[in-house]
Amino acid sequence: MVIEELKLNIGPQHPSTHGVLRLVADLDGEYIKDIEAKIGYLHRGMEKLAESRNYQQYLPIVDRIDYLSGFFNAASFCYAVEALADIKVPKRAEYIRFITMELNRISSHLFWLGTFMLDLGATSPLFYTLREREVIVKLFEDLTGQRLMYNYYCFGGVKRDLPNGWLTRVREFCEDFPSKIDEYEKLITENPIFLERTKGVGVLSKEKALDFGITGPNLRASGVRFDVRKNLPYGIYREFNFDVPVLNDGDCYARYQIRLLEMRESIKLIQRAIARIPGGASEKLHIKRTNCGCNKPECPFCGEDTQIYLKKINPIGLRIPSNEVNIWVESSRGLSGCYVKSNGTNSADRVKWRTPSFSATQVLPELCKGGLYADVIAILGSLDIVLPEVDR
Amino acid sequence: MIKALIAKLFSYFSLPHILVGFVWVVFKFAVIAAIMVVVVLMLVLMERRVLAVLTIRKGPNRVGPNGLLQTIADAIKLLFKEDIVPTGADRVLFTLAPVLFFAPVLVVYGLIPFAEGRAGIDSSCSLLLLLAVSSVGILGLVSAGWASNNKYSMLGSMRSVAQGISYELPLVIAALGVVLLSGSMSLNEIVLAQKNILDWYILPSGIGFFIFLTCTLAELNRCPFDLPEAESELVGGYNTEYSGMKFALFFLAEYALLFAYSAVIATLFFGGYTSPFGVYAMGFIPYLKKIVFVEQFFWLMLKTFVIVYLIMWIRATLPRLRADQLMSFSWKFLLPLSFLNLILLALLKYYLG
Amino acid sequence: MFLGGFGAFFAFAVFSVMFAVAALVVSFILAPKAPSENKKSTYECGMQPKGEGQINFSVKYYMFAILFIIFEIEALFLFPWAVIFKKLGLFALIEAFIFVFVLLLGLVYACQKDLLEWRR
């Protein structure tokens, strides 16, 4: 009797391919003989769009590259344009960027945790993580008017100052959140079925991770201490001393743990940034500035440091001399790079995005081969792939 | 009472008396089918509400008062939904599969004693019959998966077979422990042997209860053993291609089985329809003495719904096992454990009672 | 009771099938019928399926199936033993233990031979 191979399409319309990834698997029973990832179902021509728009017009689109962590893409594009046009960013704006990015990292990881557990068949953690994510999203909504596509950063700073009481709410969230992580750990980390499903599954070795250009938590779970925030700091990250959690196993469980550790680390970073932000809470700053009214650059209330931008950029007038720059930002998924080549006009000659999910999708077949079908879903979930970022 | 009434009616209309038994069975079947349908309507709503509470949501709350009519609305919708048979599917088997899955469920209901001496089918080996009948349903799953001509369905049905053969054994042997303790294969007698809370078989056979509950989850394809219909892996599993009433039959049977197995657990380990205090409140009141079965039915329902709640709670807590882990868990852990349980119970029974 | 105790059992089996069929018939009468090529196509995540679903599928657990039959029959043998266990006394107890022990040995052997693993 000839045993035939089962050629199975997993995706694009599948509950757990995290969007529209398509995997074509050759199954032998439940075992994966071969698997191939096919991408491109969400291609929107993000890079080409930059060429027909001026810098200011392109900025809102950038958020859509990775809809779960929009701030990072906006940040890398802003840093790139600021580097090209030599625009100075005031300290307070940098701190606001810092806080929003770290919060965004947490919200992205929370969503990942929920969907990862959903992939493993546990439905409830999703609702618990979304409960906490909702707090962050609400914070973002009050800050930017948007829940996902923030369009908040601008060249030279951020668009508007923090609303009154915002920092207090963030501080409260930071105090509350570690106990919530403990709650997840209670529900998930000690669960024997979860351990069975994730320990030793989808082991990504150090060498393979480096070969495939894996970055972010996935790389750190494989034992490589590389974090753009630490190794090639941008913005105000060099002013902060923080731990980069590294685990050596490289399996799904390590990838799960590293993200929990990262959330805890982000909380600490946010707390320290709130304590150090120039000008402090905006309600007090506003009063102090009114009382002072000196407008001198060295004043602690009216000075450069406490502004959110130094001068408004004219979108049509922003003509950047011919040059090129490559900016790396550590997004919640890894190294998110933005290459911008300017040509003297007000729109870019070429914008190239380097996204972490793309490499993670590439390594997926390597990890899945020889495993069980159920493992494919677990590995796919643990790699934290976001499809719009892969296809751009 | 009702049987006598039927007999009276027959003699009144001078109908052949031989048919009395038949009409009696039809009557019992109608009652049990009604119980099943009502129970399923309640269970579906309960499951959605319980899961909603456990996952900080509200659950259905729009249809009817407080969302109570939600399942009825769903049932009507499924009844009026177009029935699609995919091209390439085996038409006959495709239609037969839900029937094959559904039919044993009602027989299982017939075997459960809902009150003293009040089971649809009186049999001295009802437990054995129940175990035998309840495993017929797997055939329905397999034929559903095969007939759909869909790869996901096929994988799902293959998994359900693997699960069925692995978890049938510990289940049967755990039940064997109860048979050993009570010395009877009749569910009615098993219940009567545990008339108050101290006689419940959960006490000597705690391991047996654990094994039985675990295997029940597997037989029911419920979390953490919901591999045959793992929605994050196999989309819909064996019922991916089903729609309309055929899907409804699968759905109905699944929830009906959930209740049936919970009732069996209550019967085997928690004294079934008997009161935990050994006496019935209705037994003290002269006129209600005759309908003490109502109270017995209430006790069974109470115990069953506690177990149903436990199963739903498990679903909200645990992730899903993997196919190979599922198999080795059964064969390397549950099966030896169930034999150990049997030996312990035999020794206990021999030396103590 | 006609046909002894099993009469009701068979009657129930027949009625249950009738119940299910009746549900299907009612739905057949009530439900709209508007099939189309797209609607009837097999679901495979929105793609055209490659190859058939009904193939000679590699079932990795046939060894379990064989073991299952052995153990299931054994369990059936034990049922009558369990019922009259009290009457049989010590002899039957020890005999049943030996019976179970032999089968457990078989299980251990199967485990040693790696039959209780999903094989590639």
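Here's a quick rundown of the structure. (Residues numbered from 1 in each chain as written. Chains lettered and ligands numbered in written order. Predicted model: local features only at pLDDT ≥ 70, side-chain atom pairs only at ≥ 80, totals over all residues. Heavy atoms only, no water.)

Moving on, we come to the pattern of salt bridges. Pairing between side chains of opposite charge can happen when the charged atoms of each approach one another. The tally for this structure, following the rule as stated, stands at 38 salt bridges over all chains. One continuous salt-bridge network, built from bridges that share partners, spans Glu-102, Arg-105, Arg-220, Asp-227, Arg-229, Glu-262 and Glu-330 of chain A. (Salt bridge = Lys/Arg side-chain N within 4 Å of Asp/Glu carboxyl O.)

Going through the model one piece at a time under the given rule, you end up with 48 aromatic pairs over all chains. With centroids separated by 5.9 Å and ring planes inclined at 55 degrees, the aromatic side chains of Phe-114 of chain B and Phe-297 of chain B adopt a geometry described as tilted. Residue Phe-114 of chain B is found in the loop between α4 (91-111) and α5 (126-134), and its partner Phe-297 of chain B is found in helix α12 (residues 292-317); the two are separated by 183 residues along the sequence. On the basis of relative accessibility, which here comes to 28%, the residue Phe-297 of chain B falls in the partly exposed class. On the basis of an interplanar angle of 75 degrees and a centroid distance of 4.9 Å, the ring pair of Tyr-242 of chain B and Phe-250 of chain B is categorised as edge-to-face. Per residue, the accessibility class of Tyr-242 of chain B equals that of Phe-250 of chain B, and both read buried. Taken together through their ring pairs, the aromatic side chains of Tyr-79, Tyr-95, Phe-98, Tyr-234, Tyr-237, Phe-240 and Phe-242 of chain A make up a single cluster. The cationic tip of Lys-230 of chain A hangs over the ring face of Phe-242 of chain A; the distance from NZ or CZ to the ring centre is 4.9 Å. Sitting above the plane of the Phe-358 of chain A ring, Arg-392 of chain A keeps its charged end 5.8 Å from the centroid. (Phe/Tyr/Trp six-rings, centres within 6.5 Å; stacked < 30°, edge-to-face > 60°. Helix = DSSP H or I, 4+ residues; strand = E, 2+ residues; numbered from the N terminus. Buried < 20%, exposed > 50% of the residue type's maximum accessible area, 1.4 Å probe, protein only. Lys NZ or Arg CZ within 6 Å of the ring centre and 35° of its normal.)

Residues and elements named next belong to chain A. Strand order in this open sheet of 3 strands is β6-β7-β8, and the pairing throughout is antiparallel. The open sheet is flanked by β6 (323-331) and β8 (348-354), the only strands paired with a single partner. The average undirected angle you get between the axes of adjacent strands in this sheet is 15 degrees. Inspection of the sheet shows strand β7 (residues 334-342) paired to β8 by 6 bridges, in the antiparallel sense. Pairing of Cys-338 across the sheet is with Trp-353, part of β8. Against the sheet, helix α2 (residues 55-62) engages β7 and β8, with an angle of about 20 degrees to β8. Contacting β6, β7 and β8, helix α13 (residues 356-368) runs over the sheet at an angle of about 125 degrees to β7. (Pairing = 2+ DSSP bridges. Axes fitted to C-alpha atoms, helices over the stretch in contact; angles between N-to-C directions. Contact = heavy atoms within 4.5 Å.)

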